[in-house]
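Overview (structure and organization)
Residues per chain, in single letters:
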Amino acid sequence: MSDPAIRLTGLRKSFGSVNAVNAVDLEIADGEFFSMLGPSGSGKTTVLRLVAGFETPTGGTVELGGVDVTRRPPYERDVNTVFQDYALFPHMSVLDNVAYGLRVRRVPRRERRERAEEALRSVRLDGYGDRRPAQLSGGQRQRVALARALVNRPKVLLLDEPLGALDLKLREEMQVELKALQRQVGITFVFVTHDQEEALTMSDRVAVFSDGRIEQVATPAELYERPASPFVASFVGTSNLFPGDKVLGRPGLFSLRPEKVRVDGDGDCAAPGVVAEVVYAGAVTRLVVDLDAGPRMVVLLTSSADLPALRGRPVRLTWNSSDLIAL
Ligand code: ATP
């Protein structure tokens, strides 16, 4: 078996008394689209900076392609980083921005131009080479930043919330594009985000961070269907978390996804309650139900004309015990 693109072993980083990264072990395979997901301050960016070499770890090692690079400077690591704020040179043309890294490496002029044009084509910006960054939209600037990172043909591309500055619609378009681009170039992508939907839609696997530690590493489907902890269950998607002794008559903490619950459907579990809220959201409607046993339960249903009338009414919620996740 070949070495993983990235292997982190016992990685730690403290800033004074803050343990930003706390004993992280992780392997990312060659060619994977891997996301690091977690709330603000959970240590994702610091892990990325440790991989890139912008920070030196307090403990542990960073390996790239089986080689220990822990003590090597950034320019001796075969990785490139795309930042949220693009960091393009305003006085240079788009083509020169993209070719900059090649000039630093003393690649001959003609090859520089060819490779920069090829990189611009790969992000669908051919014909834009003569413009200045200021003459581009936010999404186009982000694609120039991508082209500039790809032109060196790094083994690994690190992306730190690269879509954070874009509006929702553009963001969703770029998610699809990034995924297609990654498939096309076959480079390992490591993507940092606090947006769970973004992580789920693009990634082969996701690491969920909390407090400098990894809570779970799994495929998007596994994360959603089998969260390993209450934190993952509530951070990834919406969950009903409730104590089993009250609702199910057995001990333990359980999670149940809102779309798995029905009103008076079939299912081998049932609980009575009263509808506190009916929230219309287009294709779906969310019911908030106060169970007689105590906890609140959110139910996601396909919208229909009769749902608003349920507000204030007693209902019987049903679900299958196989959809319960024991935590
Ligand atoms: P965000 O999504 O907000 O970027 P994050 O998950 O990427 O958050 P980090 O930026 O890695 O989190 O920060 C982890 C912790 O380390 C935070 O408590 C942060 O304040 C702290 N930290 C990060 N960089 C430094 C630094 N240079 N000096 C001091 N503390 C730092």
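What counts, and at which threshold
Residues numbered from 1 in each chain as written. Predicted model: local features only at pLDDT ≥ 70, side-chain atom pairs only at ≥ 80, totals over all residues. Heavy atoms only, no water. Domains from an automatic or database assignment. Contact = heavy atoms within 4.5 Å. Buried area = accessible area lost by both parts, 1.4 Å probe. Salt bridge = Lys/Arg side-chain N within 4 Å of Asp/Glu carboxyl O. Polar contact = N/O pair within 3.5 Å; in protein donor to acceptor, adjacent residues only side chain to side chain. Helix = DSSP H or I, 4+ residues; strand = E, 2+ residues; numbered from the N terminus. Pairing = 2+ DSSP bridges.

Describing the domain arrangement of the protein chain
The assigned domain composition of the protein chain is domain 1 (6-233) and domain 2 (241-326). Contacts between domain 1 and domain 2 engage six residues on the former and seven residues on the latter. Regarding the contact of domain 1 and domain 2, the summed buried area is about 560 Å², with carbon and sulfur atoms giving 52% of it. Considering only the side of domain 1, the residues that lose the most area to domain 2 are Tyr224, Pro230 and Ala233, jointly responsible for 70% of the buried surface there. Between domain 1 and domain 2 we count zero salt bridges in total. Across the contact surface, domain 1 and domain 2 share three residue pairs in polar contact (both at pLDDT 80 or more). Put simply, the parts of the chain that give the side of domain 1 that touches domain 2 at least two residues each are α7 (220-225) and α8 (230-235). Top element by residues in the side of domain 1 that touches domain 2 is α7. It accounts for three residues.

Thoughts on the pairing of strand β4 (residues 59-64)
Strand direction decides the pairing type here: strand β1 (residues 6-15) and β4, joined by five bridges, are antiparallel. When the bridges of β4 are listed, Leu8 appears paired with Val62. Two elements, β4 and strand β5 (residues 67-68), share two bridges in a ladder whose sense is antiparallel. Bridging across to β5, Glu63 finds its partner in Asp68. Counted between consecutive antiparallel strands, the loop separating β4 from β5 contains two residues, among which Gly65 sits at a positive phi close to 55 degrees.

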